[in-house]
Amino acid sequence: MKFLWPDIYARNIRVIPYEELLKNNIDTLIFDIDNTLVPYDISHANEDLTDFLEKLKDMGFKICLLSNNNKKRVDVFNENFSFFAVWDARKPTSYGLKKALKLMNSRASQSALIGDQIFTDIWCANRSKLKSILIKPVNKKDTFGVYLKRGFESIIVKSFIKNAKKNK
């Protein structure tokens, strides 16, 4: 089960230790959109999220959006940012992630994937040797398929937290 554990587990994107990532030569942030940045039924970022993501760019991060969703969904969300973006990413395979790294001219060892799902985002990052960062979903509302996976994910998260506490 350890191959599904994240490197970092955070309450939300705002409490991720970004300065520490930079100190460890992580300069590329790859974000899932749905339920990581916004609920899956919200098409655009609000002003607060927009300001936060722009702040990350100002810190020196390259930013990419990586989604299993379709081109229209990703393009609409990205129209206020013009970040690098990959849709139909096919996570947990490395298909879309390889495209994202190539677009940004980045290496896996210098990149972090941030998402809300273990069986797509974290598994994809771990199998591709990126820093994996799991956050709690921004909204409890999920599509039916994702809802079914959340129970299994909670078991993995509890196991990860228990191990982290034991090793402190």
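Above this text is the structure in question.
About the cut-offs
- Residues numbered from 1 in each chain as written.
- Predicted model: local features only at pLDDT ≥ 70, side-chain atom pairs only at ≥ 80, totals over all residues.
- Heavy atoms only, no water.
- Helix = DSSP H or I, 4+ residues; strand = E, 2+ residues; numbered from the N terminus.
- Polar contact = N/O pair within 3.5 Å; in protein donor to acceptor, adjacent residues only side chain to side chain.
- Contact = heavy atoms within 4.5 Å.
- Salt bridge = Lys/Arg side-chain N within 4 Å of Asp/Glu carboxyl O.
- Buried < 20%, exposed > 50% of the residue type's maximum accessible area, 1.4 Å probe, protein only.
- Pairing = 2+ DSSP bridges.
- Axes fitted to C-alpha atoms, helices over the stretch in contact; angles between N-to-C directions.
- Phe/Tyr/Trp six-rings, centres within 6.5 Å; stacked < 30°, edge-to-face > 60°.
- Lys NZ or Arg CZ within 6 Å of the ring centre and 35° of its normal.

A. View of the side chain of serine 67. Turning to its location among the elements, serine 67 is positioned in the loop between strand E3 (62-66) and helix H3 (71-78). Looking at serine 67, its side chain comes within polar contact range of the main-chain nitrogen of asparagine 69, at 2.9 Å. Discounting residues that sit within four places of it in the chain, serine 67 has contacts with Ile33, Asp34, Val74, Val86, Trp87, Asp88, Ala89 and Lys91.

B. Here's a closer look at the pattern of salt bridges. Inspection of the entire model under this criterion finds 7 salt bridges. Between arginine 73 and aspartate 34 there is a salt bridge whose closest N-O contact spans 2.4 Å. With arginine 73 in helix H3 and aspartate 34 in the loop between strand E2 (28-31) and helix H2 (47-59), this residue pair connects regions lying 39 residues apart in the sequence. Of the residues examined, aspartate 34 reaches a relative accessible area of 13% and is grouped as buried.

C. Quick peek at the sheet that holds E3. As summarised here, the arrangement of the 6 strands in space is E1-E6-E5-E2-E3-E4, forming an open sheet in which the pairing is parallel. A strand with exactly one partner marks an edge of an open sheet, and here the two such strands are strand E1 (8-10) and strand E4 (84-86). Sheet twist, expressed as the average angle between the axes of neighbouring strands with direction ignored, equals 20°. Judged from the 4 bridges that link them, strand E5 (residues 111-115) and strand E6 (residues 131-135) form a sheet pairing that is parallel. Across the sheet, isoleucine 114 pairs through a bridge with isoleucine 133, a residue of E6.

D. Fine view of the packing of aromatic side chains. Enumeration according to the criterion identifies 4 aromatic pairs in this entry. Arranged with centres 5.9 Å apart and planes meeting at 70°, the rings of tyrosine 18 and phenylalanine 61 form a pair that is edge-to-face. Here phenylalanine 61 lies in the loop between H2 and E3 and tyrosine 18 lies in helix H1 (residues 18-23), a separation of 43 residues in the sequence. Phenylalanine 61 shares its class with tyrosine 18; the two are buried. Through successive ring pairs, a cluster of aromatic residues spans Tyr18, Phe52 and Phe61. The aromatic ring of phenylalanine 52 is capped on one face by arginine 14, whose charged end is 4.9 Å from the ring centroid. Sitting above the plane of the tryptophan 87 ring, lysine 71 keeps its charged end 4.6 Å from the centroid.

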